[in-house]
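Structural characterization, general
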Amino acid sequence: MRTAYLDSLYNLAQKDKRVYALISDNGAIVYDKYRKDLAGQYLNLGISEANMLGMAAGMASCGKIPFAYTIGAFLAYRSLEFIRNDICLQNMNVKIVGTGAGMKYSALGPTHHSTEDLGCLRSLPNLTILSPASPMEVAKATRAAYEHMGPIYLRLGTNGEQEIYEQDYQFEIGKGVTLAEGDDITIIGTGNILAEVLRVRDMLNRKGISARIINMHTIKPLDKEIILKAIGETKALVTVEDHDIIGGLGSAVAEVVAESGKGTRFVRVGLKENFAVGYGTYSDMIGQNKLCAEEITLRCLECLSDMS
């Protein structure tokens, strides 16, 4: 995902001198090509994330389009006041780019995990939140962020994520994507965990259960129509995220379900008001925290069995 983002940003900056890359002294080597060719549109603000966002707001007020990039946990938690007051309150055209979404920084522990970032940021007025699930989608989301006038939080994994799309598609902010049709149960996922959710579909299919898979790449504004359609056409609804179930995708979907007045069996799969446990690879982490395909499948089966 990171490479897809950097390539997309490079292409945008080549064509538009208003586009700037801002970083906080992290992963500077990955910007080598950008710095070499576009040095005048690159700023390293050092380990000073809040200051970077304040500066980004000032640049936006002068007509620039800053993409402020660093580890997501350092943006959503450490710099929350600056996102709120300098960017969202003023409705500045700043693109906040957080890498290491969910538990992608698996070996670095909870201090580096972005497992509460959606809960922290989703309530902020004027902020659009994008959570792409694959390299292709990151490229599309980066361009969409550039074209959108206003604050954006772009939530990225790291590198090596699986491509989930076999062909091109139209990316639109606020419109979820149905990756697979199904009649029995709808599973809504976002970000890194989508590859695991697609494995769940295969596991359920082997048990004779038809699962609809929805990629909710935009957390805010949320696609209410696709959720209401799923409630009307399938028997149960499950959300999956490598984030706490409080404040994230599950909470956002629950709000739509509650306000719809439509009854449905609904289960949220994610961290349950706790920090992630364990260390290792991302695969190790989702296994240790019961977010792997096998565990998600069990939750789906339990959800359907409760209805019988």
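Read on for a plain summary of the structure. (Residues numbered from 1 in each chain as written. Predicted model: local features only at pLDDT ≥ 70, side-chain atom pairs only at ≥ 80, totals over all residues. Heavy atoms only, no water.)

**Points about the sheet that holds strand 3 (residues 65–71)**
- With mixed pairing, 7 strands are arranged side by side in an open sheet as 2-1-3-4-6-5-10. Edge positions in the sheet fall to strand 2 (42–44) and strand 10 (218–220), since each of these pairs with one other strand and no more. For this sheet, the mean angle separating the axes of adjacent strands, direction not counted, is 20 degrees.
- In the sheet, strand 4 (residues 95–99) pairs with strand 6 (residues 152–155) via 4 bridges, with the strands oriented parallel. Directly across from Ile 96, in strand 6, lies its bridge partner Tyr 153.
- Packing against the sheet, helix 3 (residues 49–61) makes contact with strand 1 (19–23), strand 2, strand 3 and strand 4, and its axis sits at approximately 170 degrees to strand 3.
- Set on the sheet, helix 7 (residues 135–147) makes contact with strand 1, strand 3, strand 4, strand 5 (128–130) and strand 6; between it and strand 3 the angle comes to about 135 degrees. (Pairing = 2+ DSSP bridges. Helix = DSSP H or I, 4+ residues; strand = E, 2+ residues; numbered from the N terminus. Axes fitted to C-alpha atoms, helices over the stretch in contact; angles between N-to-C directions. Contact = heavy atoms within 4.5 Å.)

**Things to note about the packing of helix 3 against helix 5 (residues 80–88)**
- Put simply, helix 3 and helix 5 touch, their axes get as near as 9 Å, and they point 5 degrees apart. Put simply, helix 3 runs roughly parallel to helix 5. Residue-level contacts link Ala 50, Leu 53, Gly 54 and Ala 57 of helix 3 to Phe 82, Ile 83, Asp 86 and Ile 87 of helix 5.
- Considering only residue class, the contact of helix 3 with helix 5 consists of 6 nonpolar, 1 polar and 1 charged. (Parallel < 35°, antiparallel > 145°, perpendicular 65-115°, else oblique. Nonpolar A, V, L, I, M, F, W, Y, C, P; charged D, E, K, R; others polar.)

**Here we look at the pattern of salt bridges**
- Under the criterion given, the structure shown has 17 salt bridges.
- Here Arg 122 ties to Glu 255 by a salt bridge, and the two come within 2.9 Å at their closest N and O atoms. Remark: Glu 255 occurs in helix 10 (residues 249–260) and Arg 122 occurs in the loop between helix 6 (117–121) and strand 5; sequence separation between them is 133 residues.
- Take Arg 122: its relative accessible area is 17%, and that puts it in the buried class.
- Across the salt bridge formed by Arg 212 and Glu 181, the nearest N and O atoms sit 3.6 Å from each other. Here Arg 212, found in strand 9 (residues 211–215), pairs with Glu 181, found in the loop between strand 7 (177–180) and strand 8 (185–189); they are 31 residues apart in sequence, far enough to count as distant.
- Residue Arg 212 is classed as buried on the basis of its relative accessible area of 5%.
- Given the relative accessible area of 51%, Glu 181 is considered exposed. (Salt bridge = Lys/Arg side-chain N within 4 Å of Asp/Glu carboxyl O. Buried < 20%, exposed > 50% of the residue type's maximum accessible area, 1.4 Å probe, protein only.)

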